[in-house]
Amino acid sequence: MEALVTGSAAAMGNGRLVSQLSTEFLTSPSGEKVELKDIEGKIIGLYFAANWYPKCETFTLILSKVYHQLKEVGCKFEVVFVSSDEDQASFERFHASMLWPAIPFRDLQSRRHLTKNFQIEGIPSLIILSPNGELIHTDGVELVYRYGSRAFPFTSQRIAELEAEERQKHASQTLEKIISISGKDYVMNHEEQVPVVNLVGKTIGLYFSAQWCPPCVKFTSKLVSVYNNLKQKHEEFDVVFVSMDKDEAGYSHCCNDMPWLALPYDDESSKALARYFNVQEIPTLIIIGPDGKTVTKEGRNLINLHSEMAFPFTEAQIQLLQEVMNEEAKSYPNSFNHVGHHHVLNLVSEKSGGGPYICCECDEQGLGWAYQCLGCGYEIHLKCGQEVEGEKSCS
């Protein structure tokens, strides 16, 4: 979750960063002292993170690559790690995986001061400061994910340029251009090459996933079922796996469990495609329409909500399904006593307190209609509530 910066944070940015620290030096990943004067005159990324949070580990790898690229071409950029680790040993292990200096772990005053003044509400967070200490951006994590080293120097003008370029690319988007980002004009059907031109005119799901990710493994199973059902109905739908695996062995393992197509394994190409679609979490299913334009980036949620009925994932289809759900909801009781939860669950809609949620029964995405415990926020799908009631009746 990105941090929000307002009020006091903006005021703090008016002075030099070094004047806000109680420490007299930073520490390098190897434990050596780094003089504060060494970071002056540079654009600074204050990196709030911790070893215990997987998203921080993932983003650290991405930031390391961007950092190396910027250093390689002589950009005046520095990152300063502000740790939220539990202890000195955890801090040292995590910092050792980085390329930049950190606030010394024992300097709790500086770490708390920075966290408070920048109102850090979630990690990883990357706060971008100008060479004179003024606040440039609070959403450095998103900018690095989306644009990589091209985001430097992170100014509003530079981001506006990149956004305009992005809009132009998406406006002229075709399936061939999307796949060409990977440097290929074909995808793989296990050992066989399939020209991209063979997929033109179909609805395509670009599936960003990885073998090491438990939610991916779970969603892959559901997507296989939906895919097979659509194939049996002879729908013009296919899926292309875009691997986020750490090595080719993980990629091969995934491919063995998937009945659809895949991009050839290439870590850099997959990351380029993920940046193009601003994929920050996996699993993600991007739906490309028959015209080569992006239909939705919410394919995963739509399948969790509607299974194969979500096809072809258009706004018109989802609106139709929503109307069906609204009609079906009329037949559900307004409340019931959940035996396992020991609270009364009330029927809510998007207009009466519902909204996006993760079902506490099946751990899948929900939207709008739900059974909700108003006291503690426990929410489940209507169908899951029906199943609970069914079990209760049988017992």
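Remember, predicted model here, so these are calculated numbers, not experimental data. (Residues numbered from 1 in each chain as written. Predicted model: local features only at pLDDT ≥ 70, side-chain atom pairs only at ≥ 80, totals over all residues. Heavy atoms only, no water.)

Asker: Please set out the overall build of the protein chain residue by residue, giving values where relevant.
Answerer: A count of helical and extended segments in the protein chain gives 13 helices and 19 strands. The dimensions of the protein chain, computed from C-alpha atoms along their principal axes, are 70 × 55 × 40 Å. Taken over 395 residues, the protein chain has a buried fraction of 49%. Contacts in the protein chain between residues at least 24 apart in sequence constitute 60% of all its contacts with a sequence separation of at least 6. Accessible surface, the protein chain as shown: approximately 19,300 Å² in total, 51% of it carbon and sulfur. Averaging the locations of the 35 positively and 52 negatively charged side chains of the protein chain gives two centres separated by 5 Å. (Helix = DSSP H or I, 4+ residues; strand = E, 2+ residues; numbered from the N terminus. Buried < 20%, exposed > 50% of the residue type's maximum accessible area, 1.4 Å probe, protein only. Contact = heavy atoms within 4.5 Å. Areas by Shrake-Rupley, 256 points an atom, 1.4 Å probe, with all protein chains shown as cover. Lys, Arg positive; Asp, Glu negative; His and termini not counted. Charge placed at Lys NZ, Arg CZ, Asp CG, Glu CD.)

Asker: Can you tell me about the state of the cysteines, naming the residues and giving the values?
Answerer: Overall, the coordinates contain zero disulfides when judged by the stated rule. Not part of a disulfide, cysteine 359 finds its nearest cysteine sulfur in cysteine 384, a span of 3.7 Å. Owing to a relative accessible area of 1%, cysteine 359 belongs among the buried residues under this scheme. (Disulfide = S-S within 2.5 Å.)

Asker: Tell me what's going on with the nonpolar core, and back it up with residues and numbers.
Answerer: In this structure, Leu206, Tyr207, Phe208, Trp260 and Phe277 are the most contacted members of the largest nonpolar core, which totals 49 residues. Per-element tally for this core: the top contributor is helix H8 (residues 214-232), with seven residues. Contact partners of phenylalanine 277, with chain neighbours within four places excluded, come to His170, Gln173, Ile178, Leu206, Phe208, Ile286, Ile288, Thr294 and Lys297. Core analysis: the next-biggest nonpolar cluster, separate from the first, contains 48 residues, Leu21, Ala49, Leu70 and Ile159 among them. (Core = buried A, V, L, I, M, F, W, Y, C linked by side-chain atoms within 4.5 Å.)

Asker: With reference to specific residues and values, describe the sheet that holds strand S6 (residues 135-137).
Answerer: One open sheet accounts for four strands, arranged S4-S3-S5-S6; its pairing is mixed. On the outer flanks of this sheet lie strand S4 (77-83) and S6, each paired with one strand and no other. On average, each strand axis in the sheet is inclined to that of its neighbour by 30°, with strand direction left out of account. Direction of pairing for strand S3 (residues 43-49) relative to S4: parallel, over a ladder of seven bridges. From the neighbouring strand, isoleucine 43 faces S4, where its bridge partner is phenylalanine 77. (Pairing = 2+ DSSP bridges. Axes fitted to C-alpha atoms, helices over the stretch in contact; angles between N-to-C directions.)

Asker: Mind laying out the packing of H8 against helix H11 (residues 299-306), listing which residues take part and the relevant values?
Answerer: Across the interface, H8 lies against H11 with an axial gap of 11 Å and an inter-helix angle of 60°. The two elements H8 and H11 cross, and the hand of that crossing is left-handed. Across the interface between the two elements, Pro215, Phe219, Lys222, Leu223 and Val226 from H8 touch Arg300, Ile303 and Asn304 from H11. Split into classes, the residues belonging to the contact of H8 with H11 amount to five nonpolar, one polar and two charged. (Left-handed = near helix turned anticlockwise from the far one by under 90°. Nonpolar A, V, L, I, M, F, W, Y, C, P; charged D, E, K, R; others polar.)

Asker: Please set out the sheet that holds strand S14 (residues 335-338) residue by residue, giving values where relevant.
Answerer: Taken in spatial order, the four strands of this open sheet run S14-S15-S18-S19, and their pairing is antiparallel. Pairing within the sheet leaves two strands with one partner each, and these edge strands are S14 and strand S19 (379-380). In terms of strand pairing, S14 meets strand S15 (residues 343-348) through four bridges, oriented antiparallel. Paired with serine 335 across the two strands is asparagine 346, which belongs to S15.

Asker: An account of the packing of helix H2 (residues 54-72) against helix H5 (residues 140-147) is needed here, citing residue identities and associated values.
Answerer: The contact between H2 and H5 brings their axes to 10 Å, and the two run at 65°. Classified by the angle between their axes, H2 and H5 sit roughly perpendicular to one another. At the point where H2 passes H5, the crossing takes the left-handed sense. Contact residues: Thr58, Phe59, Ile62, Leu63 and Val66 in H2; Val141, Val144 and Tyr145 in H5. Tallied by class, residues from the contact of H2 with H5 come to seven nonpolar, one polar and no charged. (Parallel < 35°, antiparallel > 145°, perpendicular 65-115°, else oblique.)

Asker: Describe the environment of glutamate 40, listing the residues and the values that go with them.
Answerer: The residue glutamate 40 is located in the loop between strand S2 (33-35) and S3 in this model. Looking at glutamate 40, the relative accessible area reads 39%, which means it is partly exposed. When the C-alpha positions of glutamate 40 and asparagine 132 are compared, they lie 8.1 Å apart, and in sequence the two are 92 residues distant.

Asker: Give a description of unusual backbone geometry that names residues and reports values.
Answerer: In this structure, the amide linkage connecting isoleucine 123 to the following residue, proline 124, adopts the cis form with an omega of 0°. Along the chain, the position of proline 124 falls in the loop between helix H4 (108-117) and strand S5 (125-129). Despite not being glycine, histidine 234 shows a phi value in the positive range, around 60°. Its location among the elements puts histidine 234 in the loop between H8 and strand S10 (237-243). For histidine 234, a relative accessible area of 70% corresponds to the exposed category.

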